[in-house]
Amino acid sequence: MLNCLVDLPAGRGSRRQRSGAALGADFGARGLNLLAAAVIAVLAPVTGYVGAETYLHYGLQQHLAATAELVVQRIDGSIDRASANLRTLAASPDDVCGPQARDRLRLLVFNSPVLKEVAVFGPDDRIRCSNNVDIMQMQTIGTMQPTSQQDIFLSIAVVPPTDRRVLRVIMRRDRQQAFGGLIPVELFVPSTMIRTGETGLGVQIEAGESVRMISEGFEGAENSGKDTRGAATSRRYPVRVLVAASGQVWRQAHSHVYLIAIAIAGAFGLLIAWLIVLNARRRGDDPIAGMQRALDRGEFIPYYQPIVDIDTGRICGCEVLVRWRKADGQMIPPGSFIGEAERSGFIFPLTLSLMRQAAAELGPSYATRPSLKCGFNLCAAHFQDDKIVDDVQEIFQRSQMHLSQVLLEVTERDALPDMDTARNIIASLQAMGVRVALDDVGTGHGGMSYLLKLGVDVMKIDKLFIDALGAERQSTAIVDSLIDLAAHLNMDVVAEGVETFAQVEALRRRGVRQAQGYVFSPPLPGSSFVQLVEAMEPAVTDSQPVKKALRG
Ligand SMILES: Nc1nc2c(ncn2[C@@H]2O[C@@H]3COP(=O)(O)O[C@H]4[C@@H](O)[C@H](n5cnc6c(=O)[nH]c(N)nc65)O[C@@H]4COP(=O)(O)O[C@H]3[C@H]2O)c(=O)[nH]1
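Parameters and conventions
- Residues numbered from 1 in each chain as written.
- Predicted model: local features only at pLDDT ≥ 70, side-chain atom pairs only at ≥ 80, totals over all residues.
- Heavy atoms only, no water.
- Helix = DSSP H or I, 4+ residues; strand = E, 2+ residues; numbered from the N terminus.
- Buried < 20%, exposed > 50% of the residue type's maximum accessible area, 1.4 Å probe, protein only.
- Contact = heavy atoms within 4.5 Å.
- Areas by Shrake-Rupley, 256 points an atom, 1.4 Å probe, with all protein chains shown as cover.
- Expected span 1.5 Å × (residues − 1).
- Arc of directions from axis to C-beta.
- Polar contact = N/O pair within 3.5 Å; in protein donor to acceptor, adjacent residues only side chain to side chain.
- Near = heavy atom within 4 Å.
- Disulfide = S-S within 2.5 Å.
- Axes fitted to C-alpha atoms, helices over the stretch in contact; angles between N-to-C directions.
- Parallel < 35°, antiparallel > 145°, perpendicular 65-115°, else oblique.
- Nonpolar A, V, L, I, M, F, W, Y, C, P; charged D, E, K, R; others polar.
- UniProt positions renumbered as here; feature names shortened; annotations may be inferred.
- pLDDT = per-residue confidence, 0-100.
- Core = buried A, V, L, I, M, F, W, Y, C linked by side-chain atoms within 4.5 Å.
- Salt bridge = Lys/Arg side-chain N within 4 Å of Asp/Glu carboxyl O.
- Phe/Tyr/Trp six-rings, centres within 6.5 Å; stacked < 30°, edge-to-face > 60°.
- Pairing = 2+ DSSP bridges.

Looking only at helices and strands, the protein chain features 19 helices and 20 strands. For the protein chain, buried positions account for 48% of its 552 residues. A sequence separation of at least 24 residues applies to 67% of the contacts in the protein chain between residues at least 6 apart. For the protein chain, the exposed area adds up to about 26800 Å²; of that, 54% sits on carbon and sulfur atoms.

What follows is the structure, given as structure tokens:
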């Protein structure tokens, strides 16, 4: 009658059976991980390239600043030496422009490591004599710059015939006489920089505000970008140095840095990507982690199989049977994962989740139908720790489904390691008003002892015996004696797996009141079961009978 509500499931699942589909990889999460791994693998070399760029940029800036400082030091040293040479000349008692003046000046230039030309100036600052006739036409550019030494002045001069610029150091002895020496720019520039084509470096030296001299290659380097400059200023002389470099030439000269950075970052990226894939695979292969994620996403849902009073045809309750509804809609039966859940302990959070969901889903209908019961499957481990007592109380005390409507099923298929603890837990549950059933009776470890010692309220006879009812003499006899025993122990009986009307008849003849099975209905989704209950079972509106019934 009821099985028109949903399609019949394929069949009764084995509890220990494990399905590859259920425990397999979570493809959504794995896909994301693979995508992340691919992105990292692609981005890593790009990061390496950007890193090399940044490294070379800052490296070049530091190099230019250090070079500018070096050039300033050389200039300071050269001016010091030139000043000392000129002072020696000024200290001469003879007239330096007298006979053999040129030889004397040439000897001075020869002995000086810095001076390339020397001249003696008269009161009108005109050259009186020099070691080289060419510099007689030398022109000063800009003004003479005073220095921290009172008698020493600096300027930049242009020397014919090549018009090259040189640094001129003047030592003024008195108003009548001054001595000048020329220092070429090349002397300040490190030898590697002179081959500007290789390094892309150039130097500009300023003596005073706007008077400059530059080394070969400076302009080309200067034009290649503002950020490729380094500057330094002398603390002793009015000299400022600017070093420029062509970033392009610099990068070309350091192309190996790109190769190394891209190779290292690429290898690192591949390693990370590989670790992500490995981790994703490991996580995907870990059934417990997969189930935990599924629980967090609410993929474990309760289905409800109606239990029917075969005398009246009314619904007396249901059994909660878990289903794993995957994100893609695939429905996994409990036989595929319950065994793993029980072995790993995942069964504890799973059971509590089902209880909470059932209480929320059925609570409103159950609140006005106090005779309805809701059975939950527990495993042997639940009866070894009395935490289940607190959990059940905590969940149902605050729900519309009353504790007296809760039926907890302990299966006989699994051995209970500690009968005394199990008995105490069952007693504590019963003290709260919860009823306890022994499930799968006749199939498992317990035999008579579970029925006699555990003190359960309900006996659920396994489908195995119901199938054989009337057809097999031995099984029929077992069912008869189980029903007899239940009556003696004051237990209710529920027949499981009832598939035919003949079985219903046979059970009714034997006085069995309650049954569940495909002949009535398969396990139903929550909304269908609620619809069924509300259509079949009238709600009790008067609160007094409800309260009385709920108190039991
Ligand atoms: N062929 C046939 N099968 C019928 C018929 N009527 C009911 N069944 C199926 O028989 C099983 C009855 O549950 P069970 O014996 O407690 O056996 C359950 C129970 O031991 C376990 N299980 C299900 N849900 C839970 C749960 O929430 N917790 C625990 N610990 N175990 C659960 O998984 C087992 C299998 O559950 P299901 O696949 O839902 O299979 C259910 C139900 O769908 C019928 O007329 N014919």
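Having seen it, we continue.
The first and last C-alpha atoms of helix H13 (residues 419–431) sit 18 Å apart over 13 residues, in line with the 18 Å expected at 1.5 Å per residue. Listed as buried for H13 are Met419, Ala422, Ile425, Ile426 and Leu429. When H13 is viewed along its axis, its buried side chains cluster within an angular range of 125° and face the same direction. Within H13, the exposed residues directed more than 90 degrees away from the buried face are Asp420, Asn424 and Ala431. Taking the backbone nitrogen of Asp420 as reference, a side-chain oxygen 3.1 Å away marks Asp418 as the first, capping residue of H13.

Glancing now at the site of the ligand. In the neighbourhood of the ligand, 24 residues make up the surrounding shell, with Gln305, Glu319, Arg323, Glu499 and Tyr518 lying closest. For the ligand, a nitrogen atom lies 3.0 Å from a polar atom in the side chain of Gln305. In the model, an oxygen atom of the ligand is placed 3.0 Å from a nitrogen or oxygen of the Glu319 side chain. The fraction of the free accessible surface of the ligand (780 Å²) that becomes covered by protein chains is 96%. Broken down by secondary-structure element, the contributors of at least two residues to the shell around the ligand are strand S12 (315–325), helix H10 (338–344), helix H11 (347–367) and strand S16 (435–441). Looking at the shell around the ligand element by element, the count peaks at 4 residues for S12.

Moving on, we come to the state of the cysteines. According to the stated counting rule, one finds 1 disulfide in the structure shown. Put simply, Cys97 and Cys129 are joined by a disulfide, and their sulfur atoms are 2.0 Å apart. One disulfide, between Cys97 and Cys129, carries an S-S torsion of -75° and so falls in the left-handed class. Linking Cys97 in the loop between helix H2 (27–90) and helix H3 (101–111) with Cys129 in strand S2 (residues 127–130), this pair joins segments that are 32 residues apart in sequence. Comparing Cys97 with Cys129, the two get one shared label, buried. The thiol sulfur of Cys318 is not disulfide-bonded, and the nearest other cysteine sulfur, from Cys374, lies at 3.7 Å.

What follows deals with the packing of H11 against helix H18 (residues 526–536). In contact at an axis separation of 10 Å, H11 and H18 are set at 5° when each is read in the N-to-C sense. As the angle between them shows, H11 and H18 are arranged roughly parallel. Here H11 contributes Glu361, Leu362, Ser365 and Tyr366 to the contact with H18, which in turn contributes Gly526, Ser527, Phe529, Val530, Val533 and Glu534. Looking at side-chain class alone, the contact of H11 with H18 contains 5 nonpolar, 3 polar and 2 charged residues.

This paragraph deals with the UniProt feature "transmembrane region" (unreviewed entry) in the protein chain. The positions that UniProt labels "transmembrane region" (unreviewed entry) are, in the present scheme, residues 257–278. Counted over residues 257–278, helix gives 100% and strand 0%. Its end C-alpha atoms are 31 Å apart.

A few words on the confidence of the model for the protein chain. When the pLDDT values of the protein chain are averaged, the result is 84; 85% of them are 70 or greater. Note on residues 1–27: pLDDT under 50 across the span, and 69 contacts to partners over four residues away in sequence or across chains. Low pLDDT, under 50, characterises residues 194–198; the stretch is placed with 7 contacts to residues that sit more than four places away or in other chains. Model confidence for the complex: the whole-complex pTM is 0.58, and ipTM, which rates the interface, is 0.96.

What follows concerns the nonpolar core. In this structure, Val392, Phe396, Leu429 and Phe529 are the most contacted members of the largest nonpolar core, which totals 69 residues. Ranked by residue count, the leading element in this core is H11, at 6 residues. Not counting residues within four places of it along the chain, the set of residues in contact with Phe529 comprises Tyr304, Pro306, Ile315, Gly317, Cys318, Leu362, Tyr366 and Leu524.

Here we come to the pattern of salt bridges. Applying the stated criterion to the full structure yields 24 salt bridges. Between Asp440 and Arg413 there is a salt bridge whose closest N-O contact spans 3.3 Å. A residue pair is termed long-range when its members are at least 10 positions apart, and Asp440 in strand S16 and Arg413 in the loop between strand S15 (406–411) and H13 qualify at 27 residues. A residue is classified by how much of its surface remains accessible, and Asp440, at 5% relative accessible area, is buried.

To continue, consider the packing of aromatic side chains. Tallied over the full model, the rule gives 7 aromatic pairs. Between the aromatic rings of Phe300 and Trp324, the centroid separation amounts to 4.8 Å while the plane-to-plane angle is 40°, which identifies the pairing as tilted. Separated by 24 residues along the polypeptide, Phe300 in strand S11 (residues 300–309) and Trp324 in strand S12 bring together distant segments of the chain. No difference in accessibility class separates Phe300 from Trp324, as the two residues are buried. Look at Trp324 and Phe337: their rings are 5.7 Å apart centre to centre, the planes differ by 85°, and that puts the pair in the edge-to-face class. Here the residue Trp324 occupies a position in strand S12, and Phe337 occupies one in the loop between strand S13 (331–332) and H10, the gap between them amounting to 13 residues. Three or more aromatic residues joined by ring pairs form one cluster here, namely Phe300, Trp324, Phe337 and Phe346.

Let us now look at the side chain of Lys460. Mapped onto the elements, Lys460 comes out in strand S17 (residues 458–461). Within the local environment of Lys460, its side chain forms a polar contact with the side chain of Glu409, the two groups lying 2.7 Å apart. Excluding residues that lie within four positions of it along the chain, Lys460 makes contacts with Ile307, Glu319, Glu409, Ala437, Leu438, Asp439, Asp440, Val441, Val494, Glu496 and Gln516.

In this structure, S17 lies alongside strand S18 (residues 492–495), joined through 4 bridges in parallel fashion. Among the inter-strand pairings, Val458 is bridged to a residue of S18, identified as Asp492.

You will see that Asp440, though not glycine, has its phi angle at about 55°, which is positive. Phi at Asn490 is positive, roughly 65°, even though this residue is not glycine. With respect to the secondary-structure elements, Asn490 resides in the loop between helix H16 (473–488) and S18. Judged by its relative accessible area of 71%, Asn490 falls in the exposed class.

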